[in-house]
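Structural characterization, general
Chain by chain, the residues:
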Amino acid sequence: MNLIDTTAATAAGAQVPVEIARAETLRAETRRSLAGLDRAGLAQALAEIGVSEREQRMRVAQLWHWIYLRGALSFDEMTNVGKGLREKLSVAYTLDRPEVVVEQVSNDGTRKWLLRLPPDIAGDKPHDVEMVYIPESDRGTLCVSSQVGCTLNCSFCHTGTQRLVRNLTSAEIVLQVMVARDRLGDYPGRDRAVGPGLPTEGDRLVTNIVFMGMGEPLYAYDSVAKSIEVLADGEGLGIGKRRITVSTSGVVPEIEKLGREVGPMLAISLHAVRDELRDELVPINKKYPLKVLLEACRTYPPASNAKRITFEYVMLKGVNDSPADAKALVKLLAGIPAKINLIPFNPWPGTKYECSDWETIEQFSDIVFRAGYSSPVRTPRGRDILAACGQLKSETEKLSARERLALRAMAAAAE
């Protein structure tokens, strides 16, 4: 019962003290969600409500199945869990996901969600993050965020203009995937989403995860590593590590550690072949210049012809798109199992950059391809909703309370 309900009940003659109503509201709001936790977190939650250590292993397996494989939204769905335990769980915890404040669907089927993260245990205020779903006929790629904001200030990236607030927790990263699967009906027994561009092959709509949303994943290393173990678990969400890609702008000390401890696919936001230009485009290059970064790539533990490192290269008109740049790129990557992903620049309000002409991009791609590298040109997706590469930014941080309420009402009406 919230305060509005309390007022109505009192007006009708039911005397409910405001203090009791506030206590009930506080208890409801402070219940932790078990969704997003790893096995150790679930075991700890069970211990806190009196489940014996001997029983925990079985109960963790049950919770894991219902939360991650079946996408349960309430404990009542867990039919093989005893009623008494379900009641205990319901009193102490929830299976809540972050609030979807805004959902946008592009003309090409790309979906962008603005999520409202609840306050953390320390009482931090709610924050917003964005994630993007990119459908193709044979796959569906979800681009997730690892930080609220970003600290790298890459000059061509819209996200980089938003200040860093904090790292996301591992649970908050996993919950992004769960929200996407909820919205798409990507769990057994759910009504699947309909609309343009959705995958027509296979039985999964979210097949790939890329850490290419807001933030630098390797500055949130612990959360990212922990979340990947949950995402890749074959008894739950089951997205294999060969379908999970972590993109970094070049946090060199964490690259080898990521490969050794976690082992996902690796992508490098390269964008320049000379230190002086990369210092401007990707300022972290001043700390970890190209020579140091590329040596870390050469020694990345999982790297092989079967697990090539992706080098992302945004095409900026008159900046980094000449034939000489293409030849230098080929020379720079010699000896690294690599593929090169050419990204037409996606404009955003206030940027000083322009996208390279298509003829220039094709010429650049041909030079790279003739040197023996795969060099696909990434088709821009979701530009009309600012969901394309480099365009993410939580604009609602600037909105007034009235505007935020209006956005939430719009999202609710769309459901």
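Placed above this text is the structure.
Residues numbered from 1 in each chain as written. Predicted model: local features only at pLDDT ≥ 70, side-chain atom pairs only at ≥ 80, totals over all residues. Heavy atoms only, no water.

**Structural notes on the overall build of the protein chain**
- Counting its regular elements, the protein chain contains 13 helices and 13 strands.
- A buried classification covers 51% of the 415 residues belonging to the protein chain.
- Of the contacts formed within the protein chain by residues at least 6 apart in sequence, a portion of 65% connects residues at least 24 apart.
- When the accessible surface of the protein chain is split by element, carbon and sulfur atoms take 52% of a total near 19200 Å². (Helix = DSSP H or I, 4+ residues; strand = E, 2+ residues; numbered from the N terminus. Buried < 20%, exposed > 50% of the residue type's maximum accessible area, 1.4 Å probe, protein only. Contact = heavy atoms within 4.5 Å. Areas by Shrake-Rupley, 256 points an atom, 1.4 Å probe, with all protein chains shown as cover.)

**Some details on the side chain of Arg116**
- Mapped onto the fold, Arg116 is located in strand E4 (residues 111–117).
- A distance of 2.3 Å separates the side chain of Arg116 from the side chain of Asp128, its partner in a polar contact. (Polar contact = N/O pair within 3.5 Å; in protein donor to acceptor, adjacent residues only side chain to side chain.)

**Some points on the pairing of strand E11 (residues 265–269)**
- Among the five residues of E11, five are classified as buried, and the element is accordingly described as predominantly covered.
- Crossover strand E10 (residues 244–248) to E11 through helix H8 (residues 252–261) is right-handed.
- Sheet topology places E11 next to strand E12 (residues 309–315); three bridges connect them, and they run parallel. When the bridges of E12 are listed, Ser269 appears paired with Glu312. (Right-handed = clockwise from strand over helix to strand, strands pointing away. Pairing = 2+ DSSP bridges.)

**Regarding helix H7 (residues 221–232)**
- The first and last C-alpha atoms of H7 sit 16 Å apart over 12 residues, in line with the 16 Å expected at 1.5 Å per residue.
- All buried positions along H7 are accounted for by Tyr221, Ser223, Val224, Ala225, Ser227, Ile228, Val230 and Leu231.
- Where H7 is buried, its residues contact helix H4 (53–69), helix H6 (170–184), strand E9 (208–211), E10 and H8. (Expected span 1.5 Å × (residues − 1).)

**Observations regarding the sheet that holds E12**
- Spatial ordering of the open sheet is given by E3-E4-E5-E6-E9-E10-E11-E12-E13, a layout of nine strands whose pairing is mixed. If you trace the sheet from one side to the other, it starts and ends with strand E3 (99–105) and strand E13 (338–344), each paired once. For this sheet the average axis-to-axis angle between neighbouring strands, irrespective of direction, equals 20°.
- The pairing of E4 with strand E5 (residues 127–136) spans seven bridges and is antiparallel. By the bridge assignment for E5, Leu114 is matched with Glu130. (Axes fitted to C-alpha atoms, helices over the stretch in contact; angles between N-to-C directions.)

**Things to note about helix H11 (residues 323–332)**
- All buried positions along H11 are accounted for by Asp325, Ala326, Leu329 and Val330. Within H11, the buried residues cover an arc of 140° as seen down the axis, which keeps them to one side. Exposed residues on H11 whose side chains face more than 90 degrees from its buried face are Ala324, Lys327 and Lys331.
- On the buried face of H11, the contacting elements are E12, E13 and helix H12 (358–370). (Arc of directions from axis to C-beta.)

**Quick notes on the nonpolar core**
- Counting 110 residues, the largest nonpolar core has Leu34, Ile67, Leu142, Phe156, Ile209, Phe211 and Phe311 as the members making the most contacts within it.
- Residue contributions to this core peak at nine residues, all from H6.
- Every residue in contact with Phe311, bar those within four places of it in the chain, is listed here: Ile268, Leu270, Leu294, Cys297, Leu333, Ile336, Ala338, Lys339, Ile340 and Asn341. (Core = buried A, V, L, I, M, F, W, Y, C linked by side-chain atoms within 4.5 Å.)

**A few points about the packing of aromatic side chains**
- The full count for this structure, using the stated rule, is three aromatic pairs.
- Residue placement shows Arg39 over the ring face of Trp64; its charged tip is 4.2 Å from the ring centre.
- Of note, Arg181 hangs over the ring of Tyr187, and the distance from its end group to the ring centre comes to 4.3 Å. (Phe/Tyr/Trp six-rings, centres within 6.5 Å; stacked < 30°, edge-to-face > 60°. Lys NZ or Arg CZ within 6 Å of the ring centre and 35° of its normal.)

**Examining unusual backbone geometry**
- A positive phi is found at His271, a non-glycine position, where the angle reads about 70°.
- Here His271 lies in the loop between E11 and helix H9 (275–281).
- The class of His271 is buried, set by a relative accessible area of 3%.

**Let's talk about the pairing of E10**
- Burial analysis of E10 places five of its five residues in the buried class, the great majority of the element.
- Judged from the three bridges that link them, E9 and E10 form a sheet pairing that is parallel. Residue pairing across strands places Ile209 opposite Ile244, the latter belonging to E10.
- Following the chain from E9 across H7 to the adjacent parallel E10, one finds a crossover that is right-handed.

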